[in-house]
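Analysis of the macromolecular model
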Amino acid sequence: MANKLLSIIVPCYSEEEALPAFWEEITKVTDLMSNIDFEFIFIDDGSKDNTKLILRDMAKADSRVRYVSFSRNFGKEAAMYAGLKYSKGDYVAIMDADLQDPPALLPEMLKAIEEEGYDSVATRRVTRKGEPKIRSWFARRFYQVMRMMCKTEVVDGARDYRLMKRRMVDSILEMGEYNRFFKGILGWVGFNTKWIEFENVERVKGETKWSFWKLFKYSLEGITAFTTAPLALASIIGLLFCIISFLAIIFVIVRQLIWGGSAYGWPSMICIILMLSGIQLFTIGIVGQYLAKTYLEVKKRPIYIVGETEEDL
Ligand code: UDP
Ligand code: MG
């Protein structure tokens, strides 16, 4: 029987410094795994450095290497989607180019799928060592909020480093939404997943491609894509204020009937007006967020645009 094929997908955004180290490390691991064939799919996400040239050379030197180069930067979500789409393997792994997802875990992950009967193996880092404190703090809060509001499970510290069976990959590809949030999508499609934990590893070379602002916007994407709970906020607060105002009306009437002279207190009135209009604007903003996402979704724009692949060489 022919060997099974394992596709390794690597999203790269300006990773010219990390790529050589990555290639050395990954081939060290894959060379030892003899009873399976490999295919490496690098996604050049509109890099601003020489990543594309390096990938061209790698594809020329090794026929197992394929690459897809985007016409501009479309983000890691789009890169992972493209990788899954291009992959042909019976098993598919997604891995960062900076060696923060240790390739050494691959044999163990493969074993869980082939021998222990799992559909997918996910990894999660148990520490966030080496990451700015404030960033970890916001990340933790984000996962807390997601857990509170979403029915689909999103695991704290989960990495995008995964090994999956073909069937799972196909079901992910079926979710063709424009606003993609991979961690949510994975929880949504289900399947039997084994979790492997490891200590945070710091990036080998280069710098993180995720600014704080980019991460913040991405987290809003995750929330709007996987829960509509914030939309209920306006109704809940509205109802609450109706009840309060009803009680207040009764209070004012009773006070007028017994003591008279209710016409005072405009500073408190201004405060109430300010607060209520603040809440109204805030909730309209939330509705706006969902409207904007729906607008982008309805346009049905492509998730990525290919500039070049190894077939053009
Ligand atoms: N990445 C990408 N497109 C982007 C940003 C990042 O393909 O717009 C890739 C990047 O090259 C790396 C992976 O996503 O392989 C994770 O990015 P990074 O290591 O910068 O993020 P961090 O590990 O700091 O969260
Ligand atoms: Mg990284």
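None of these values were measured; they are calculated from a predicted model.

1. Comments concerning the overall build of the chain
- In terms of regular secondary structure, the chain is built from 10 helices and 8 strands.
- Taken over the C-alpha trace, the chain has a radius of gyration of 25 Å; the compact-globule value for 313 residues is 20 Å, which it surpasses by more than 25%.
- Counting only carbon and sulfur atoms, one obtains 61% of the accessible surface of the chain, whose full area is about 17,400 Å².
- Computing the positive centroid from 41 side-chain charges and the negative centroid from 40, the chain places the two 7 Å apart.

2. A few points about the coordination of the magnesium ion (ligand 2)
- Protein-derived ligands of the magnesium ion (ligand 2) are Asp98 (OD) and Gln100 (OE1), with the metal-ligand distances lying across 1.8 to 1.9 Å. In this structure, Asp98 and Gln100 share a single accessibility class: buried.

3. Details of the pairing of strand β1 (residues 4–12)
- For β1, the buried fraction is high: 7 of the 9 residues fall into the buried class.
- Judged from the 9 bridges that link them, β1 and strand β2 (residues 36–44) form a sheet pairing that is parallel. By the bridge assignment for β2, Pro11 is matched with Ile43.
- Following the backbone out of β1, through helix α1 (residues 19–32) and into the adjacent parallel β2, one traces a crossover that is right-handed.
- As defined by bridge partners, β1 adjoins strand β4 (residues 91–94) across 4 bridges and the pair is classed as parallel. Considered in β4, the bridge of Ile8 is made with Ala93.

4. Thoughts on the sheet that holds strand β6 (residues 158–165)
- What the 8 strands build is an open sheet, ordered β7-β5-β6-β4-β1-β2-β3-β8; its pairing is mixed. Lying at the two open borders of the sheet, with one neighbouring strand each, are β7 (193–198) and β8 (306–309). When the angles between neighbouring strand axes are averaged without regard to direction, this sheet yields 20°.
- With respect to the sheet, α1 is in contact with β1, β2 and β3 (65–70), its orientation differing from that of β2 by roughly 165°.
- Helix α2 (residues 51–61) contacts β1, β2, β3 and β8 of the sheet and is inclined by roughly 155° relative to β3.

5. Considerations on the packing of helix α5 (residues 133–149) against helix α8 (residues 212–226)
- Between α5 and α8, whose axes approach to 10 Å, the crossing angle comes to 5°. Classified by the angle between their axes, α5 and α8 sit roughly parallel to one another. In this structure, α5 uses Arg135, Phe138, Phe142, Val145, Met146 and Met149 to contact α8, whose residues at the interface are Phe212, Leu215, Ser219, Gly222, Ile223 and Phe226.
- Grouping the amino acids of the contact of α5 with α8 by side-chain chemistry returns 9 nonpolar, 2 polar and 1 charged.

6. Considering the site of ligand 1
- Near ligand 1 you find 18 residues, and of these Glu15, Asp45, Asp98, Gln100 and Lys209 are the closest.
- Within the contact set of ligand 1, a nitrogen atom lies 2.6 Å away from a side-chain nitrogen or oxygen of Asp45.
- In the complex, the protein chains occlude 92% of the 530 Å² of accessible area that ligand 1 would expose alone.
- Class assignment for the residues of the shell around ligand 1 results in 5 nonpolar, 4 polar and 9 charged.

7. Considerations on the pairing of β4
- Where burial is concerned, the two faces of β4 agree: the one with Tyr91 and Ala93 and the one with Val92 and Ile94 are both buried.
- Here β4 runs beside β6; their pairing, made up of 4 bridges, is antiparallel. In the strand pairing of β6, Ile94 is matched with Arg162.

8. What about the packing of helix α9 (residues 229–258) against helix α10 (residues 266–299)?
- The N-to-C vectors of α9 and α10 enclose an angle of 155°; their axes lie 8 Å apart at closest approach. By the angle between their axes, α9 is roughly antiparallel relative to α10. For α9 against α10, the interelement crossing comes out left-handed. Residues Ala229, Pro230, Leu231, Leu233, Ala234, Ile237 and Phe241 of α9 form the contact with α10, whose own contacting residues are Met275, Leu276, Ile279, Phe282, Thr283, Ile286, Val287 and Tyr290.
- Taken together, the residues that form the contact of α9 with α10 break down as 14 nonpolar, 1 polar and no charged.

About the thresholds
Residues numbered from 1 in each chain as written. Chains lettered and ligands numbered in written order. Predicted model: local features only at pLDDT ≥ 70, side-chain atom pairs only at ≥ 80, totals over all residues. Heavy atoms only, no water. Helix = DSSP H or I, 4+ residues; strand = E, 2+ residues; numbered from the N terminus. Rg over C-alpha atoms; globule rule 2.2 N^0.38 Å. Areas by Shrake-Rupley, 256 points an atom, 1.4 Å probe, with all protein chains shown as cover. Lys, Arg positive; Asp, Glu negative; His and termini not counted. Charge placed at Lys NZ, Arg CZ, Asp CG, Glu CD. Donors = N, O, S within 2.8 Å, 3.2 Å for Na, K, Ca; no water. Buried < 20%, exposed > 50% of the residue type's maximum accessible area, 1.4 Å probe, protein only. Pairing = 2+ DSSP bridges. Right-handed = clockwise from strand over helix to strand, strands pointing away. Axes fitted to C-alpha atoms, helices over the stretch in contact; angles between N-to-C directions. Contact = heavy atoms within 4.5 Å. Parallel < 35°, antiparallel > 145°, perpendicular 65-115°, else oblique. Nonpolar A, V, L, I, M, F, W, Y, C, P; charged D, E, K, R; others polar. Near = heavy atom within 4 Å. Polar contact = N/O pair within 3.5 Å; in protein donor to acceptor, adjacent residues only side chain to side chain. Left-handed = near helix turned anticlockwise from the far one by under 90°.

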